[in-house]
Amino acid sequence: MISPPLWMLKRPGLLIPVFFLLHIHPCVSGQDTWPEASSAALGGAYVTRAGFSCAGLNQAGLGVPEQHSLTLQHSRPYLLRELGQSTLSGQFVTGNGALGIEIATLGIKGLRQTSFWLSYGLKLHPDVTAGMGIHLWNSSIEEQPLYATGISFALGIRATINQQWIVGAHVLHPASWSSLSLPSSSPRMAIAAGFSYTFLQTAIIYSEVHIKPRYGIILVEGVEWHLNKRVSMSTGFSNKPFTFSWGISLLHSRWIIQFAFQYRTTSGTVPFTSLTHAW
């Protein structure tokens with residue numbers, strides 16, 4: 001059996017080993033999926049958001065939606081033609097909360113990574129929501145369809161202080177299990193906390209602190225402007241590694257289309273495109 005780190009990706013003028021991608025986006029470990037487009041446009045801010053793809057990002061946001069939705073998203077990590085991630089997610093309102101499902105797949109020839117989230121968010125109080133998500137993943141190679149499997153979970157909480165202030169916190173992968181015995185096969189725990197502030201009734205500021213092993217404390221800042229009822233724009237950044245982002249959201253009837261870009265000084269540009277239908 002060929003070890004995945006020995007496989008190579010060919011691009012014009014150079015060869016990129018797969019183990020380079022493992023440092024950026026683990027192919028045989030806990031699989032931190034790329035964020036939804038609206039979060040990516042804000043530099044990665046998410047703990048107070050209640051967007052259309054909360055199942056794998058901010059489970060507490062599932063206690064807020066008042067309508068069902070389906071979202072299809074595609075991202076092209078670092079503009080590599082050979083590598084792309086597609087995600088299908090849904091939110092379905094059930095009483096005082098919502099059920100969220102997200103399926104994501106990423107891979108190259110001979111190596112594929114699949115991620116599945118099953119989440120539920122609940123309104124504990126008119127101003128407080130909480131949620132939990134179970135994360136299942138699998139990496140497959142040609143010789144082994146179940147090369148690396150695992151399971152973990154996430155918890156989130158979100159509280160509305162008043163019409164302007166919202167605070168939230170989230171913990172990702174506090175405990176996990178993986179079929180591989182390698183230390184790198186288990187996802188690392190990540191803790192996030194922050195707030196959002198609405199001003200002039202048209203703009204929202206997001207400020208968060210993320211704590212991750214190897215990176216330490218990461219600062220995330222984002223701003224979202226609602227130009228009118230149909231168009232909003234976002235921008236943001238984070239400091240480890242330095243990431244600048246931008247995005248736009250367009251609403252037409254029951255359809256929402258979003259475009260976003262993230263630029264990281266360590267690895268380059270990642271574009272995101274998502275299409276959502278809400279009813």
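In what follows, the structure referred to is the one given above.
What counts, and where the lines are drawn
Residues numbered from 1 in each chain as written. Predicted model: local features only at pLDDT ≥ 70, side-chain atom pairs only at ≥ 80, totals over all residues. Heavy atoms only, no water. Salt bridge = Lys/Arg side-chain N within 4 Å of Asp/Glu carboxyl O. Helix = DSSP H or I, 4+ residues; strand = E, 2+ residues; numbered from the N terminus. Buried < 20%, exposed > 50% of the residue type's maximum accessible area, 1.4 Å probe, protein only. Polar contact = N/O pair within 3.5 Å; in protein donor to acceptor, adjacent residues only side chain to side chain. Contact = heavy atoms within 4.5 Å. Phe/Tyr/Trp six-rings, centres within 6.5 Å; stacked < 30°, edge-to-face > 60°.

Undergrad: Report on the pattern of salt bridges, specifying residues and quantitative values.
TA: The tally for this structure, following the rule as stated, stands at 1 salt bridge. Across the salt bridge formed by Arg49 and Glu224, the nearest N and O atoms sit 3.3 Å from each other. Separated by 175 residues along the polypeptide, Arg49 in the loop between α2 (37–41) and β3 (69–75) and Glu224 in strand β12 (residues 216–226) bring together distant segments of the chain. For the residue pair Arg49 and Glu224, the accessibility class agrees, reading buried in each case.

Undergrad: Run through the side chain of Thr235, naming residues and quoting values.
TA: With respect to the helices and strands, the residue Thr235 is situated in strand β13 (residues 231–239). Within the structure, the side chain of Thr235 is placed 2.9 Å from the backbone oxygen of Ser245, a separation counted as a polar contact. Excluding its chain neighbours within four sequence positions, the residues that come into contact with Thr235 are Ala41, Leu42, Glu221, Gly222, Val223, Trp225, Phe244, Ser245 and Trp246.

Undergrad: How would you explain the packing of aromatic side chains if you had to name every residue and give the values?
TA: Under the counting rule described, the total for this entry stands at 4 aromatic pairs. Between Trp165 and Tyr197, the ring centres sit 4.7 Å apart and the planes meet at 45°, which makes this aromatic pair tilted. You can see Trp165 sitting in strand β9 (residues 165–178) and its partner Tyr197 sitting in strand β10 (residues 190–199), a full 32 residues away along the chain. Its relative accessible area of 33% is what places Trp165 among the partly exposed residues. Given a relative accessible area of 23%, Tyr197 falls into the partly exposed group. Taking the centre distance of 6.3 Å and the plane angle of 25° together, the rings of Phe237 and Phe242 count as stacked. Looking at Phe242, the relative accessible area reads 40%, which means it is partly exposed. One aromatic cluster is present, formed by Trp165, Phe195, Tyr197 and Phe199 through successive ring pairs.

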